[in-house]
Amino acid sequence: MNTPERLRDRHARCLDAAGIRAPGLRVAFERCRRLHAIYGRTYYLATLLLPPAKRPFVNSLYGFARYADEIVDNGDPAGRAETLTRWSESALADLRRGDSADPVCRALIHTRRVWDIPLAHIEAFLASMAMDLTVTEYATYGDLRRYMYGSAAVIGLQMVPILEPVDRDAAYPHAAALGEAFQLTNFLRDVGEDLRRGRVYLPMADLAAFGVSRADLGRERILPGIRELLRFEIHRTRRLYAFAGRGIDLLAADSRDCIRTATALYGRILDRIEQRHYEVLDRRVHVGMGSRLRVALPA
């Protein structure tokens, strides 16, 4: 049984394997791991297939991204923009200086130093987070992709050095596509939830093509046009997964199971949307732990 003591020992061994020994730094990475475990359960499960020495660094990437996302989605609406701007400016200043009192930023600084992750990726991510405070819809898929470059593609790009591909330049396009596919999957799962936050992440041009209005999405009733729209978006997302999957063999052997499993786990969300007849407006589709384990345990 995974008692709290055994779990703490396991996490401590991961930090040891990663060469993270300074007490304050260990606390920072543990903060990121908790954010990852609580908010990114599907991805967290897949990262357990990485070697222990790599897991803390992936936790730090997710922890930083999630911390910013929480400000955007769940912060005080009146002060959200100011809070994100202040935190982003402080984080970027700390990243340039190479030290921070903020634990999630401190862990990311160390991760960047170890794996040589470009600061431009973090800048692009924070720029997309700021867009979420003012942009409520995207006219075309091209417009949405420009947002997703910072919010999702760069997360895949940040992962590339940690996954140690044989050819980093060749791996980058596949990693970016996988980040986009993961995010599109989340958008499809969360259509109703995002709309209640005032945002639509399905391109307006696609809605129009299927005779769907933004108001139709707010009625919480699946019209035939909405089903066709969601079927189209799922097909587009699966094409991205297929392209991303062709890059898995470029990765180090000890990284492949993690990415292959993460891809399969997220793909199950699309399957589940179809099985639920595209009922995503008034509920959030879930893939149960039993189903997730059936995918992950063989690896």
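For the structure, check the block above.
Predicted, not measured: the structure shown is a model, and the values here were computed from it.

Caption draft 1: The arrangement of the nonpolar core in detail. Grouped together as the largest cluster of nonpolar side chains are 89 residues, with contacts concentrated most on I122, L144, L217 and I273. In terms of residue count, the dominant contributor to this core is helix α8 (residues 141-163) (10 residues). Excluding its chain neighbours within four sequence positions, the residues that come into contact with I273 are L188, R189, I234, Y278, V280 and V285.

Caption draft 2: Representation of helix α4 (residues 55-74) within the structure. Compared with an ideal rise of 1.5 Å per residue, which puts 20 residues at 28 Å, α4 spans 27 Å between its outermost C-alpha atoms and is within 8% of the ideal. Burial runs high along α4: 17 of the 20 residues are buried.

Caption draft 3: Seen up close, the pattern of salt bridges. Here the structure, examined in full by the defined rule, presents 29 salt bridges. For the salt bridge of E180 with R145, the shortest nitrogen-to-oxygen distance reads 3.1 Å. Placement of E180 in helix α9 (residues 168-189) and of R145 in helix α8 is noted, with a sequence separation of 35 residues between them. A residue is classified by how much of its surface remains accessible, and R145, at 40% relative accessible area, is partly exposed. A cluster of three or more residues bridged by salt bridges with shared partners is formed by D73, R189, D190, E193, R197, R199 and R284.

Caption draft 4: Here's a closer look at the side chain of Q183. With respect to the helices and strands, the residue Q183 is situated in helix α9. What makes Q183 buried here is its relative accessible area of 14%. Here the side chain of Q183 touches S151 through a polar contact of 2.5 Å, side chain to side chain. Setting aside residues no more than four positions away along its own chain, Q183 makes contact with Y147, M148, S151 and A152.

Caption draft 5: Structural detail: the side chain of R199. Relative to the elements of secondary structure, R199 occurs in the loop between α10 (191-196) and α11 (204-209). One polar contact links R199 to D73, side chain to side chain, over a distance of 2.9 Å. The contacts of R199, once residues within four sequence positions are left out, are V72, D73, D132, V135, T136, D194 and R214.

Parameters and conventions
Residues numbered from 1 in each chain as written. Predicted model: local features only at pLDDT ≥ 70, side-chain atom pairs only at ≥ 80, totals over all residues. Heavy atoms only, no water. Core = buried A, V, L, I, M, F, W, Y, C linked by side-chain atoms within 4.5 Å. Buried < 20%, exposed > 50% of the residue type's maximum accessible area, 1.4 Å probe, protein only. Helix = DSSP H or I, 4+ residues; strand = E, 2+ residues; numbered from the N terminus. Contact = heavy atoms within 4.5 Å. Expected span 1.5 Å × (residues − 1). Salt bridge = Lys/Arg side-chain N within 4 Å of Asp/Glu carboxyl O. Polar contact = N/O pair within 3.5 Å; in protein donor to acceptor, adjacent residues only side chain to side chain.

By themselves, these observations are geometric and do not establish any function.
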